[in-house]
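# Residue-level structure breakdown
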Amino acid sequence: MADKAVPHFHNDLGVPVIEVGAREFMCIGARPPFDHPHVFLDMGADDEIICQYCSTLYRYRAGLKATESNPPACLWDDSSTAGGAKAA
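What comes next concerns the included structure. Note that the coordinates shown come from a computational prediction; the quantities given were computed from them, not determined experimentally.

### Digging into the overall build of the protein
Along the protein, the regular secondary structure elements total zero helices and nine strands. The 88 residues of the protein split such that 35% are buried. Summed over its atoms, the accessible surface of the protein is roughly 5100 Å², and 54% of this surface lies on carbon and sulfur atoms.

Okay, structure coming up:
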């Protein structure tokens, strides 16, 4: 199976802002089974976007890689568990 090309982020921590290194990504709200519909967010030329489902504010930070976030625990990685999820 190919790796996900689009990073996925969640806000289980309930932080007011998540900094990300990608302008295009998926928000899943919380980790499964408490996730909302996985929505594609595209900042375009902007540096911030709010998820319409969970109201998480995402802010682009150029110093991060596309698969990094601040806090780091907000990156969702389900590759190591079949049907499950873990914080990276």
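That covers the picture; the talk isn't over yet.
### Describing the side chain of N11
With respect to the helices, strands and loops of the structure, N11 is situated in the loop between β1 (8-9) and β2 (17-20). In terms of polar contacts, N11 uses its side chain to reach the backbone amide nitrogen of G14, at 3.0 Å. Aside from chain neighbours lying at most four places away, what touches N11 is I18, G29 and T56.

Parameters and conventions
Residues numbered from 1 in each chain as written. Predicted model: local features only at pLDDT ≥ 70, side-chain atom pairs only at ≥ 80, totals over all residues. Heavy atoms only, no water. Helix = DSSP H or I, 4+ residues; strand = E, 2+ residues; numbered from the N terminus. Buried < 20%, exposed > 50% of the residue type's maximum accessible area, 1.4 Å probe, protein only. Areas by Shrake-Rupley, 256 points an atom, 1.4 Å probe, with all protein chains shown as cover. Polar contact = N/O pair within 3.5 Å; in protein donor to acceptor, adjacent residues only side chain to side chain. Contact = heavy atoms within 4.5 Å.

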